[in-house]
Amino acid sequence: MMLRLALLLCLFAAPATAQNRPKVERQFRGWLEQTIWPHARANGVSRQTFQTAFQGVSLNWDLPDLVPPGTVRVVPKAQRQAEFGAPSKYFSRGSMDAATSVGRQMARTHHAVLGRVERATGVPGRIILGIWGRESGYGRVPIRYDAFQVLGTKGFMSTRAPYFTGELLAALQIAQAGHVAPRAMKSSWAGALGQPQFMPSSFLRYAADGDGDGRADIWNSDSDTIASIGTYLAAHGWQAGRDWGFEVMVPPQVSCTLEGPDQGRPVADWVDMGIQRIGAKPFPASELQGEAALLMPAGTNGPAFIVTPNFYVLKDYNMSDLYALFVGHVGDRIQYGMGDLIGRWRDTGKMYRSDIAAMQRALIAMGHDVGGADGLPGFKTRRSIGRWQESTGRRATCFPEPDMKAALGR
């Protein structure tokens, strides 16, 4: 009986109530003084900068993934981010058209700096524009959160507290260096800064001066934003002269289980297997001997692509396959006037992350490498599903679907 009661208390543990929040706020102030300040001082942050950064700052109780002292983590079933839901939602008509039309305006306005950055980094201007558009609507999306409140809250009591503590210390170094006044440092709800949405540690490594004024201002300077994105991608291995990828038709004899960067092969080999570009266009001759991988982000329920190593550089900016695909496709629309993807995103049903995680655990028990039971259908999970389907006489679709729950999820 006592064990059952304890389990129920853990299951339904709620965030700190209004009555004990003042106590948690005091613990937060103590954590700032006893834990953050010594590390900040050791990193060259002055007492004045530290005090100004946290002047009037209290915990933001509305942020997601918080675990206040004295509570336990509760994993919600709701899927709130586009990457966790139907892939088609990521490519809505409004977001694609807006990113493309404004991107073309920005391409004209910033033609000179885009060209200069491309020559310096090897990163095409259209790719930089695709990221800029996705991250902040080309600087038009307001960034309203107080960076020190967000990073302080998440460093003190989030599910990834050590990571955000490091980012908080990096933000203090940014303020100390005079890049932006502490009380003026704005971020997203996740602590990402400025128009390119750099985490503070990325700012320290990759922020660049694109307009020659001696500063890297990713909040107010379009040129610095462009240069910073290009610098980031180049540092993460962007291969100059190669594309990011191509939409393709995959013939029935090519299994979706061949997906993944660890199963890459020369583009010419994919062609020999019967894979063709949409519209019967030939692959560029310069790409034929370059390594590329099969990408099927919705398995056989959506478009398919042959992607180069540059696609995975885009994933270093944001680990979502759909994010990298959005950026590459928008860039192509901006520069080449390409239309919508030809492959259709078919309905795969509504699924919770907990359902997918249960499937992943079942596949792990069978010996499959799914990349971790996190409830996210990455390429390792997708192809593991396909391999399981093939081994049980099913048609491989390589994507979690509701009718699999009875066989895999329970």
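Our structure is the block above this text.
A quick note: this is a predicted structure, and the numbers were derived from the prediction, not measured.

A.B. asks: What am I meant to see in the environment of V267 here?
C.D. replies: Counting through the fold element by element, V267 comes out in helix 11 (residues 267–272). Assessed through its relative accessible area of 1%, V267 is described here as buried. Considering only alpha carbons, one finds V267 and A293, 26 residues apart in sequence, at a separation of 8.2 Å. If we skip the residues at most four places from it in the chain, V267 touches R242, F283, E287, L288, G290, A292 and I306.

A.B. asks: Explanation requested: the sheet that holds strand 6 (residues 291–295) in the structure shown.
C.D. replies: Within a sheet, each strand pairs with its neighbour through backbone hydrogen bonds, oriented either parallel or antiparallel. Spatial strand order, 4-6-8-3-5: five strands in an open sheet with antiparallel pairing. For this open sheet the edge positions go to strand 4 (265–266) and strand 5 (276–277), each flanked by a neighbour on one side alone. Bridge count between strand 4 and strand 6: two bridges; the pairing is antiparallel. What sits directly across from R265, in strand 6, is A292.

A.B. asks: Sorry if this is basic, but what is going on with the side chain of R126 here?
C.D. replies: Of note, R126 is situated in helix 6 (residues 125–136). A relative accessible area of 8% means that R126 is categorised as buried. Here R126 is in contact with D243, W244, G331, D332, Q335 and Y336, once residues within four sequence places are set aside.

Reading the values: the criteria
Residues numbered from 1 in each chain as written. Predicted model: local features only at pLDDT ≥ 70, side-chain atom pairs only at ≥ 80, totals over all residues. Heavy atoms only, no water. Helix = DSSP H or I, 4+ residues; strand = E, 2+ residues; numbered from the N terminus. Buried < 20%, exposed > 50% of the residue type's maximum accessible area, 1.4 Å probe, protein only. Contact = heavy atoms within 4.5 Å. Pairing = 2+ DSSP bridges.

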